[in-house]
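A look at the structure
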Amino acid sequence: MLDSSPQRELGGIDHPFVAAVYDTAVPDRLLFGTHREYLTADLSGRVLDVGAGTGANFPYVADGSDGIDYRAIEPDPHMRRQAAEKAREVGCEVSLRDARAELLPYPDDSVDVVLSSLVFCTIADPDRALEEVARVLKPGGELRFLEHVRADGWRATGQELLNPLWSRAAGGCQLTRDTVERFVCHDAFAVEEIERTAVGIFPATPIVRGRLRRRRDGSRG
């Protein structure tokens, strides 16, 4: 059970309009289908999806990952409701909880794989969330990610100009975060692979995917 005081400190997330239009506005399977296959390939053990949204990963998990212990969190009640419906539609067995990435309701060293797909752009405190990911991952466990990050050159300037309006319209999504740099510079993780993808539409580009490994020496930053 989550402690109520930290949850009150973090506050609620409630974006009914974004939830209502997300699946229609974003052609997820067309844009990200192959990358979600990458995220969900050969999963085993306990898997945690941090920020499941409307359940975009659920069809891929249902298709090829029998026998895993699949957990997911989603703090927005509107998206969480859609995710639960999608899980039923595609036959994905998932324990879906109302929780924030900054306060994961799981014990230390209890998760084999963490999936992060287009979520760290919206987390209010990404550094705290990454500490939580490092905490719950077992030594040797994986962080698999697909995230859009700050661009270079004139595109970065455009993102800075657009970000205030974009953030309000897109449920808190930030265009200017150096998410992958945050990941790879954290002492708890060793880089397995990082790849800049060819998908995405400005201003939410570039999109980078990769895998990090939780160090076995117990480092957590």
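Located above this text is the structure these notes cover.
Within the open sheet, the seven strands sit side by side as 3-2-1-4-5-7-6. Their pairing is mixed. In this open sheet, the two edge strands, each paired with only one partner strand, are strand 3 (95–97) and strand 6 (189–196). Looking at each pair of strands side by side, their axes are set apart by 15° on average, direction ignored.

As for its placement among the helices and strands, Ser 167 is situated in helix 7 (residues 153–169). By relative accessible area, Ser 167 is classed as buried at 16%. Those residues in contact with Ser 167 that lie beyond four places of it in its chain are Gly 172, Cys 173 and Gln 174.

What follows covers helix 6 (residues 126–136). Counting buried residues along helix 6, eight of its eleven residues qualify, which places the element largely inside the surrounding structure. Buried within helix 6 we find Pro 126, Ala 129, Leu 130, Glu 132, Val 133, Ala 134, Arg 135 and Val 136.

A few words now on a nonpolar patch on the surface. There is a patch of nonpolar side chains on the surface, built from Trp 154, Leu 162 and Phe 202 and spanning about 320 Å² of accessible area. By the element assignment, Phe 202 lies in the loop between strand 6 and strand 7 (207–214).

Take the pattern of salt bridges next. As a working rule, side chains carrying opposite charge can pair if their charged atoms are close by. Scanning the model with the defined rule gives 17 salt bridges in all. Note that Arg 80 is salt-bridged to Asp 98, the shortest N-O span being 3.5 Å. Of the two residues, Arg 80 is situated in helix 5 (residues 77–90) and Asp 98 in the loop between strand 3 and strand 4 (111–117); the sequence distance between them amounts to 18 residues. Overall, the relative accessible area of 19% leaves Arg 80 in the buried class.

Before going further, it helps to examine the nonpolar core. Counting residues in hydrophobic clusters, the biggest one holds 27 residues, and the most contacted among them are Leu 48, Ile 73, Val 114, Phe 120, Leu 143 and Phe 189. Mapped onto this core, the elements with two or more residues apiece are strand 1 (46–50), strand 4, helix 6, strand 5 (137–148), helix 8 (179–184) and strand 7. A total of five residues in this core trace back to one element, the largest contributor, which is helix 6. Membership of the second largest hydrophobic core comes to 13 residues, among which are Phe 58, Ala 83, Cys 92 and Leu 115.

Right, let's get into the packing of aromatic side chains. Taken as a whole, this structure holds four aromatic pairs when the rule is applied. Residues Phe 58 and Tyr 70 carry aromatic rings whose centres are separated by 5.8 Å and whose planes lie at 85° to one another, so their mutual orientation is edge-to-face. Of this pair, Phe 58 sits in helix 4 (residues 58–64) while Tyr 70 sits in strand 2 (residues 69–73), and the two are twelve residues apart along the sequence. Taken as a pair, Phe 58 and Tyr 70 share a single burial class, namely buried. Judged by centre distance (5.1 Å) and plane angle (70°), the ring pair of Phe 145 and Phe 183 falls under edge-to-face. A residue pair is termed long-range when its members are at least 10 positions apart, and Phe 145 in strand 5 and Phe 183 in helix 8 qualify at 38 residues. For the pair Phe 145 and Phe 183, one class covers both residues: buried. In textbook terms, an aromatic cluster arises when at least three aromatic residues are bridged by ring pairs, as seen for Phe 120, Phe 145 and Phe 183.

The bulk of non-glycine residues show a negative phi, and the bulk of peptide bonds are trans. Between Phe 202 and the following residue, Pro 203, the backbone shows a cis peptide bond with an omega angle of 15°. Positionally, Pro 203 belongs in the loop between strand 6 and strand 7. Cis geometry marks the peptide bond from Thr 205 to Pro 206, where omega comes out at -5°. Position of Pro 206 relative to the elements: it lies in the loop between strand 6 and strand 7. For Leu 118, which is not glycine, the phi dihedral falls at a positive 55°. Summarising the element assignment, Leu 118 is placed in the loop between strand 4 and helix 6. By relative accessible area, which is 17% here, Leu 118 ends up buried.

Thresholds applied
- Residues numbered from 1 in each chain as written.
- Predicted model: local features only at pLDDT ≥ 70, side-chain atom pairs only at ≥ 80, totals over all residues.
- Heavy atoms only, no water.
- Pairing = 2+ DSSP bridges.
- Helix = DSSP H or I, 4+ residues; strand = E, 2+ residues; numbered from the N terminus.
- Axes fitted to C-alpha atoms, helices over the stretch in contact; angles between N-to-C directions.
- Buried < 20%, exposed > 50% of the residue type's maximum accessible area, 1.4 Å probe, protein only.
- Contact = heavy atoms within 4.5 Å.
- Patch = residues over 30% accessible without salt bridge, like charges linked within 9 Å, V, L, I, M, F, W, Y side chains within 5 Å.
- Areas by Shrake-Rupley, 256 points an atom, 1.4 Å probe, with all protein chains shown as cover.
- Salt bridge = Lys/Arg side-chain N within 4 Å of Asp/Glu carboxyl O.
- Core = buried A, V, L, I, M, F, W, Y, C linked by side-chain atoms within 4.5 Å.
- Phe/Tyr/Trp six-rings, centres within 6.5 Å; stacked < 30°, edge-to-face > 60°.

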